[in-house]
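Residue strings, one per chain:
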Amino acid sequence: MNDQTKASGRHFVRPAIGSVTLCLIATLYVLLVTNRMFWTKAYGYFLAEPAAFTAFVIGISAAMMGIFTLFSAKYLTKPALIFFVLVASVSSWFNDQFGVIIDKEMIRNAAVSTGAESGHLITTRFITYVLLTGIVPSLIICWVRIVHRPILKKLAWNTAVILACSAVFVVAGTTFYKTYAGVGRAHRDLMDTLNPVIPIASAVRYTIDSQRDANVVASPLGTDAHKVGVVDNGKPRVTIIVAGETARAQDFSLGGYGKMTNPELAKRNVVYFPNTSSCGTATATSIPCLFSVYTRGEYTHRKGLETENLLDVLTHAKVDVTWLDNDTGSYDVTDRVPYTYLPPSADPRFCKDGECRDEILVDKVDGWLDKVKGDSVLVLHQLGSHGPAYYQRYPEEFRRFRPDCRSNDFSSCSQEEITNAYDNTILYTDHVVSMVIDKLKQRSGSISGAVLYFSDHGESLGENGIYLHGTPYIIAPAQQTQVPMLFWMADDLAKVGGFDMACLSKQAAQGTHSHDNIFHSVLGMMDVSTKVYDPKLDVFAACRAPSNKLAQN
Ligand SMILES: [Zn+2]
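In every chain, residue numbers begin from 1 and rise along the written sequence. Only residues with pLDDT of at least 70 are given local features in this predicted model, and only at 80 or more are side-chain atom pairs given and counted; all residues enter the totals for whole chains, interfaces and linings. As a rule here, side-chain values cover all heavy atoms of the structure and leave hydrogens and water aside.

**Notes on the overall build of the chain**
Next, step 1: Numbering of helices and strands runs from the N terminus; a helix is a DSSP stretch of H or I covering at least four residues, while a strand is a stretch of E covering at least two. Secondary structure summary: the chain contains 20 helices and 17 strands in total.
Next, step 2: If you line up the chain on its principal axes, its C-alpha atoms span 100 × 45 × 45 Å.
Next, step 3: A burial count over the chain gives 55% of its 553 residues as buried.
Next, step 4: Whether two residues are in contact is decided by their heavy atoms: any pair within 4.5 Å suffices. A fraction of 76% describes how many contacts in the chain between residues 6 or more apart in sequence connect residues 24 or more apart.
Next, step 5: For accessible areas, the Shrake-Rupley method is used with a probe of radius 1.4 Å. Any residue's cover is judged against the shown protein chains and nothing else. Summing over all exposed atoms, the chain offers an accessible surface of approximately 24,000 Å²; the carbon and sulfur share of this is 61%.
Next, step 6: Residues counted as positive are Lys and Arg, residues counted as negative are Asp and Glu, and His and the chain ends are not counted. Lys charges are placed at NZ, Arg charges at CZ, Asp charges at CG and Glu charges at CD. With 51 positive and 52 negative side-chain charges, the chain shows a separation of 8 Å between the mean positions of the two kinds. For each residue, the accessible area found with a 1.4 Å probe, counting protein chains only, is set against the maximum for its type, and the residue is called buried under 20%, exposed over 50%, and partly exposed in between.

Right, here's the structure in full:
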């Protein structure tokens, strides 16, 4: 009696379960609870083929069961299943809330993002969701007692289950092979959100890549670069590149947006390029790509690391280069030039909780200009419109579009509030870039100034249920790939350098442009000649007086 009570008591506290059964329950759990986006997409893509869809569901489920069963071994089952459930829980939050896909590039973004940046994504709703869908099931897995068969029997049983699952997967796959191949080609994102398989595979691929890239040394580029010196008005040529963050072309009134988001730039005689596409949909891709010699089609992360970039070529031509960063770093672009990361200064005028408003960059311009001796390029890397905490990017006086979303949890704001907060960030960027232009104007007696502004990528604000950015380029919406780009040049520089600004305005309005143009246009603008310069990609080349044209070498 006493023994029985004990036994049943123990039984009650910790239910016993076979390890393969536990794998099956965990499989069903992640498939049903954490793959809403995956199934919704698949259902949509297979709408015309119900039989193929049914086989797809069965095949995917069998494959997942097979994978989980691989980890059915003493001391391994529980940690593996808990890991799968937690990864699936966190990933599904980002899938469902932001339409975000966790691929290798997204893992790269996460790995290089700052603490403050990631902090904005940790909301109360996020914690609650992970608690309910990740932590609680993990505790249940911890709690149950796994009954393992004797080792040989277990091996046989696991093998049988894995073989059976593989067989189901193969039969389902081959029966509807043509349909799957067709749908897969038409919808490349079909498999992108299968949790937890894709996030784990992406993290493994990212880790392998970064190990391989760890000791890459950039090979020299454009060491023949030299200034051609056709301009001599006795003043140094100073270009300030404002590298924007998360600004999308759609919300720039210079490009025709209905709300006046560019009131200050509109008064400053800038040339706006309304049709400009980005190299990537995330900072970690776009920034190294646009400073590289490669076009979007040619660029890879590895190639970017292996080759010196625009800043190095300028340095070879004895142009002074400096980079001031208020964003998330320079992604190895500044490995060989002076670089200052401003947020740690925690300047109370601009900074709070590890992040600073972009006026901290403008604040540094005068000090830098005081030291300018010869031709120079300054890069100001903005925090710009980085989300989801748009409302923290601008001060009170730029809270012009109201009501604005005052939360980093989009679900607590209306669409109008989210858009208003985002538009206020654009309004503030308009102010920041205008102030940079004014700083150069004030010194027109001693320097010849120019400003180039572009954003690294755009942003989704809920269109088709997608928020933020980083969607794989091939399926990314235009909101993420169409970016603002603009140019301002001091009158005396335009005159002496033979830049026909009317011609440039016309060309900017009519043509299509991209990040591919930046490398060559900056060299052209600075009159740096090198054999790696390609006049076809220099937006200024067609609008310069013949005597000022820069030849390829
Ligand atoms: Zn970015």
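From this point, things continue past the structure.
**So, the state of the cysteines**
A covalent bond between the sulfur atoms of two cysteines is referred to as a disulfide.
Next, step 1: For the purposes of this analysis, a disulfide is any pair of cysteine sulfur atoms at a distance within 2.5 Å. Within this structure, the stated rule accounts for 4 disulfides.
Next, step 2: Disulfide pairing places C405 opposite C413 at an S-S distance of 2.1 Å. What sets the handedness of the C405 and C413 disulfide is the S-S torsion sign, and at about 75° it is right-handed.
Next, step 3: On the basis of relative accessibility, which here comes to 2%, the residue C405 falls in the buried class.
Next, step 4: In this model C503 forms its disulfide with C543; the gap between the sulfur atoms is 2.0 Å. Measuring handedness by torsion sign, the sulfur bridge of C503 and C543 sits at about -70° and is left-handed.

**Focus: the coordination of the zinc ion**
Next, step 1: Coordination of the zinc ion by the protein involves E245 (OE), E245 (OE), T283 (OG1), D456 (OD) and H457 (NE2), with metal-donor separations of 1.9 to 2.7 Å.
Next, step 2: Water is absent from the atoms considered, so a metal site may look incomplete; donors are defined as N, O and S atoms within 2.8 Å of the metal, or 3.2 Å for Na, K and Ca. Along the chain, the residues donating to the zinc ion fall in the pattern E-x37-T-x172-D-H. Residue E245 is located in the loop between β4 (237-244) and β5 (271-272), and its partner H457 is located in the loop between β12 (448-455) and β13 (460-461); the two are separated by 212 residues in the primary sequence.

**Some thoughts on the environment of Y206**
Next, step 1: Inspection of the secondary structure puts Y206 in helix α11 (residues 197-213).
Next, step 2: Overall, Y206 belongs to the buried group, its relative accessible area being 17%.
Next, step 3: Considering only alpha carbons, one finds Y206 and L76, 130 residues apart in sequence, at a separation of 24 Å.
Next, step 4: Those residues in contact with Y206 that sit more than four places away from it in its chain are K104, I107, R108 and A111.

**Some words on the sheet that holds β12**
Next, step 1: Strands are labelled as partners when DSSP assigns at least two bridges between them. Here we have 7 strands laid out as an open sheet, ordered β5-β15-β12-β4-β11-β7-β8, and mixed in their pairing. At either margin of the open sheet sits one strand with a lone partner, and together these are β5 and β8 (339-341).
Next, step 2: Where β4 lies against β12, 8 bridges are found, and the strand directions are parallel. Its bridge partner lying in β12, A243 is registered against F454.
Next, step 3: Note on definitions: angles span 0 to 180 degrees between N-to-C directions of axes, and those axes are lines fitted to C-alpha atoms, for helices only across the stretch in contact. Packing of helix α16 (residues 415-442) onto the sheet brings it into contact with β4, β11 (376-381), β12 and β15 (485-489), and relative to β12 it is tilted by some 165°.

**A closer look at the domain arrangement of the chain**
Next, step 1: Those domain boundaries reflect an automatic or database domain assignment. Here the chain is described as being made up of domain 1 (2-212) and domain 2 (233-548).
Next, step 2: Placing the centre of domain 1 and that of domain 2 at their C-alpha centroids yields a distance of 41 Å.
Next, step 3: Counting residues at the interface gives 22 residues for domain 1 and 29 residues for domain 2.
Next, step 4: Among the residues of domain 1 in contact with domain 2, F98, E117 and H120 are the three that bury the most area, contributing 29% of the side total.
Next, step 5: The rule for a salt bridge is simple: a side-chain nitrogen of Lys or Arg has to be within 4 Å of a carboxyl oxygen of Asp or Glu. With a shortest N-O distance of 3.0 Å, R125 and D409 are connected by a salt bridge.
Next, step 6: Where the side of domain 1 that touches domain 2 is concerned, the elements lending two or more residues are α5 (77-98), α6 (104-112) and α7 (115-119).
Next, step 7: A per-element tally of the side of domain 1 that touches domain 2 places α6 first, with 5 residues.
Next, step 8: Amino acids outside the nonpolar list (Ala, Val, Leu, Ile, Met, Phe, Trp, Tyr, Cys, Pro) and the charged list (Asp, Glu, Lys, Arg) are all regarded as polar, and Gly is one of them. In terms of residue class, the side of domain 1 that touches domain 2 is made up of 7 nonpolar, 6 polar and 9 charged. Summed over both partners, the accessible area lost on bringing two parts together, with a 1.4 Å probe, is the buried area.

**Looking at the side chain of N408**
Next, step 1: Along the chain, N408 falls in the loop between β11 and α16.
Next, step 2: A distance of 2.9 Å separates the side chain of N408 from the backbone oxygen of H120, its partner in a polar contact.
Next, step 3: With near-sequence residues (within four places) excluded, N408 lies in contact with H120, T123, P388, A389 and Y391. Counting of polar contacts relies on pairs of N or O atoms within 3.5 Å, with two restrictions inside protein: one atom must be capable of donating a hydrogen and the other of accepting it, and residues adjacent in sequence are counted only when both atoms are side-chain atoms.

**Here we look at the packing of aromatic side chains**
Next, step 1: Centres within 6.5 Å make a pair out of two Phe, Tyr or Trp rings, where for Trp the six-membered ring is used; the pair is then stacked when the planes are under 30 degrees apart, edge-to-face when over 60, and tilted otherwise. Overall, the coordinates contain 27 aromatic pairs when judged by the stated rule.
Next, step 2: Relative to F126, the ring of W93 lies with its centre 5.9 Å away and its plane at 65°, an arrangement referred to as edge-to-face. You can see W93 sitting in helix α5 and its partner F126 sitting in helix α8 (residues 124-143), a full 33 residues away along the chain.
Next, step 3: Classification of F126 as buried rests on a relative accessible area of 10%.
Next, step 4: With centroids separated by 6.5 Å and ring planes inclined at 85°, the aromatic side chains of F98 and Y467 adopt a geometry described as edge-to-face. Of the two residues, F98 sits in helix α5 while Y467 sits in strand β14 (residues 467-468), which places them 369 residues apart along the sequence. Take F98 and Y467: they sit in the same class, and that class is buried.
Next, step 5: Grouping aromatic residues by their ring pairs yields a cluster made of W93, F94, F98, F126, Y129, Y390, F410, Y422 and Y467.
Next, step 6: Only when the NZ atom of a Lys or the CZ atom of an Arg is both within 6 Å of the ring centre and within 35 degrees of the ring normal do we say a charge sits over the ring. The side chain of K303 reaches across the aromatic face of Y294, ending 5.0 Å from its centre.
Next, step 7: Positioned above the aromatic ring of F499, the side-chain terminus of R544 is 4.0 Å from the ring centre.

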